[in-house]
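# Summary of structural features
Listed here are the chains, written in short residue letters.
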Amino acid sequence: MTRPDLCGVLVALAAALVASPQAGRAEVLELKVAPLLSRTPSGPCPGTLSLSETLQPYREGSYGVNGQAALGALASGWHLAHRDGFSATWMGSLRAPYQRCTASAGIVRAGNAPAQDRSYLRLRFSGGQVQLILDMTGRRDPNDYTPAILSAGISQGLPVWSWGGSD
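Overview of the structure. (Residues numbered from 1 in each chain as written. Predicted model: local features only at pLDDT ≥ 70, side-chain atom pairs only at ≥ 80, totals over all residues. Heavy atoms only, no water.)

## Describing the overall build of the protein
Scanning the protein from terminus to terminus reveals one helix and eleven strands. What you see in the protein, going N to C, is helices and strands ordered as α-β-β-β-β-β-β-β-β-β-β-β. Expressed as a percentage of its 167 residues, the buried residues of the protein come to 32%. Summarising the internal contacts of the protein: among those between residues at least 6 apart in sequence, 58% fall at separations of at least 24. (Helix = DSSP H or I, 4+ residues; strand = E, 2+ residues; numbered from the N terminus. Buried < 20%, exposed > 50% of the residue type's maximum accessible area, 1.4 Å probe, protein only. Contact = heavy atoms within 4.5 Å.)

Written as structure tokens, this is what we have:
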């Protein structure tokens, strides 16, 4: 291979690595909390929270994403309240000082970029409880299928999940 050919291959390889997410590398999802518009005061709520997702290694015909919510400082007693192919919901008891928070949160930033789509991960704060909702409803993969919840559970007391679709 000549030097110009090698340079072209290296430039193409570098462009491909930058353009596509790398398997095994965690992406931080920032969720912004917004209090419920209400006449009843809501007492203090967190400002932003971070969750993480990691792209699974490539496999022909599909993709998968693993996620985890390190929200132990926010709530305790996390448990999986509901799961089907479209969504999963975990619940936890809010820790002080957030027990009077009435609010919701959604993804506003993924990695270094502002979120472009409707948030598929949401939090809802109400009655001293918090719900983490993973919802694929209305999302589409490249083949126009709805991505599916592959697994949902608790690991070391915190919510974990996998979802995926076809490519």
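We are not done yet, so read on.
## Examining the pattern of salt bridges
Per the stated rule, a full pass over the model turns up two salt bridges. Note that Asp-135 is salt-bridged to Arg-122, the shortest N-O span being 3.3 Å. Taken together, the positions of Asp-135 in strand E9 (residues 129-135) and Arg-122 in strand E8 (residues 121-126) put the pair 13 residues apart, joining distant regions of the chain. With a relative accessible area of 25%, Arg-122 lands in the partly exposed category. Close ionic contact of Asp-144 with Arg-140 constitutes a salt bridge, the shortest N to O distance being 3.8 Å. You'll find Asp-144 and Arg-140 in the same group, each marked exposed. (Salt bridge = Lys/Arg side-chain N within 4 Å of Asp/Glu carboxyl O.)

## Things to note about the nonpolar core
One finds Leu-121, Leu-123, Phe-125, Leu-132, Leu-134 and Trp-161 to be the most contacted residues of the largest nonpolar core, which totals 29 residues. Elements represented by at least two residues in this core include exactly strand E1 (26-35), strand E2 (48-55), strand E4 (75-83), strand E5 (87-94), strand E6 (103-110), E8, E9 and strand E11 (158-166). (Core = buried A, V, L, I, M, F, W, Y, C linked by side-chain atoms within 4.5 Å.)

## Side note on the pairing of E6
Looking at chain direction, E1 and E6 are connected through seven bridges and run antiparallel. Bridged to Pro-35 within E6 is Ala-103. As paired elements, E6 and E8 share four bridges and run antiparallel to each other. Within E8, the position partnered with Ser-104 by the bridge is Arg-124. By the bridge criterion, two bridges tie E6 to strand E7 (residues 113-114) in an arrangement that is antiparallel. By the bridge assignment for E7, Ala-110 is matched with Ala-113. Linking E6 back to E7 in an antiparallel pair, the connection comprises two residues, with Gly-111 at a positive phi of about 65 degrees. (Pairing = 2+ DSSP bridges.)

## Concerning the pairing of strand E3 (residues 62-68)
Relative to E3, E2 runs antiparallel, the two being bridged by four bridges. Residue Ser-52 lies in a different strand from E3, and its bridge partner there is Gln-68. Counting the residues that bridge the hairpin from E2 to E3 gives six residues, and of these Gly-61 lies at a positive phi of roughly 95 degrees. Across seven bridges, E3 lies against E11 in antiparallel orientation. Residue Gly-64 lies in a different strand from E11, and its bridge partner there is Gly-164.

## A closer look at the side chain of Gln-131
Its place among the elements puts Gln-131 in strand E9. A polar contact is formed between the side chain of Gln-131 and the side chain of Arg-124, at a distance of 2.8 Å. Aside from chain neighbours lying at most four places away, what touches Gln-131 is Thr-89, Trp-90, Met-91, Arg-122, Leu-123 and Arg-124. (Polar contact = N/O pair within 3.5 Å; in protein donor to acceptor, adjacent residues only side chain to side chain.)

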